[in-house]
Amino acid sequence: ANLAALLRRIGLGGGDANEVLRLARNSSPQLACLRHFEAVHPGYLELDGLSPDGVGNHPNAWFQASVTYHKLKSGSGGGT
């Protein structure tokens, strides 16, 4: 219930939230994190310089990939 409320609070709803919840409930937290990343970073696979490696394995990897995504989307470059 807490995860569902958090997902709603951050604006993730519908099928995306349901998939994250399903994965989390099925003992797949890494896949749930990756699915959440995919939902809130549309088109990330098309961006040169962004690797989703490790996104589901460590919060710092998720954060770094998110920062890179937003830099690339804004045109200010990627990297660390």
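You'll find the structure just up there.
Throughout what follows, the structure given in this document is the object of discussion. (Residues numbered from 1 in each chain as written. Predicted model: local features only at pLDDT ≥ 70, side-chain atom pairs only at ≥ 80, totals over all residues. Heavy atoms only, no water.)

Structural notes on the pattern of salt bridges
Here comes step 1: Taken as a whole, this structure holds three salt bridges when the rule is applied.
Here comes step 2: A salt bridge links Arg35 to Asp16; its shortest N-O distance comes to 2.4 Å. Of the two residues, Arg35 sits in helix α3 (residues 29-40) while Asp16 sits in helix α2 (residues 14-25), which places them 19 residues apart along the sequence.
Here comes step 3: Across the pair Glu19 and Arg22 runs a salt bridge, and its minimum N-O distance is 2.8 Å. One end of the pair is Glu19 and the other is Arg22, both in helix α2 and three residues apart, which spans about a single turn.
Here comes step 4: The class for Glu19 is partly exposed, based on a relative accessible area of 26%. (Salt bridge = Lys/Arg side-chain N within 4 Å of Asp/Glu carboxyl O. Helix = DSSP H or I, 4+ residues; strand = E, 2+ residues; numbered from the N terminus. Buried < 20%, exposed > 50% of the residue type's maximum accessible area, 1.4 Å probe, protein only.)

A word on the packing of α2 against α3
Here comes step 1: Where α2 contacts α3, the two axes come as close as 7 Å, and the packing angle between them is 165°. Regarding the angle of α2 to α3, the classification is roughly antiparallel. Seen along the crossing, α2 lies across α3 with a hand that is left-handed. Between α2, through Asp16, Glu19, Val20, Leu23 and Ala24, and α3, the contact on the second element is made entirely by Pro29, Leu31, Ala32, Arg35, His36 and Ala39.
Here comes step 2: Across the contact of α2 with α3, the residue classes break down as seven nonpolar, one polar and three charged. (Axes fitted to C-alpha atoms, helices over the stretch in contact; angles between N-to-C directions. Parallel < 35°, antiparallel > 145°, perpendicular 65-115°, else oblique. Left-handed = near helix turned anticlockwise from the far one by under 90°. Contact = heavy atoms within 4.5 Å. Nonpolar A, V, L, I, M, F, W, Y, C, P; charged D, E, K, R; others polar.)

Re helix α4 (residues 59-74)
Since there are 3.6 residues in each turn of an α-helix, residues three or four apart along the chain are aligned in direction.
Here comes step 1: Helix length check: α4 (16 residues) gives 23 Å between terminal C-alpha atoms against 22 Å at 1.5 Å per residue, within 8%.
Here comes step 2: Among the residues making up α4, those that are buried are Ala65, Ser66, Thr68 and Tyr69. Within α4, the buried residues cover an arc of 165° as seen down the axis, which keeps them to one side. In α4, the exposed positions angled more than 90 degrees off the buried face are occupied by Pro59, Asn60, Phe63 and Ser74.
Here comes step 3: Two residues or fewer past α4, Gly75 is found with a positive phi of approximately 85°. (Expected span 1.5 Å × (residues − 1). Arc of directions from axis to C-beta.)

Focus: the packing of helix α1 (residues 2-9) against α2
Here comes step 1: Packing of α1 against α2 brings their axes to within 10 Å, and their N-to-C directions diverge by 150°. It follows from the interaxial angle that α1 and α2 lie roughly antiparallel. The handedness of the crossing between α1 and α2 is right-handed. Here Leu3, Ala4 and Leu7 of α1 come into contact with α2, specifically with Ala17, Val20, Leu21 and Ala24.
Here comes step 2: In the contact of α1 with α2, the residues fall into seven nonpolar, no polar and no charged.

Nothing here speaks to function; it is geometry throughout.
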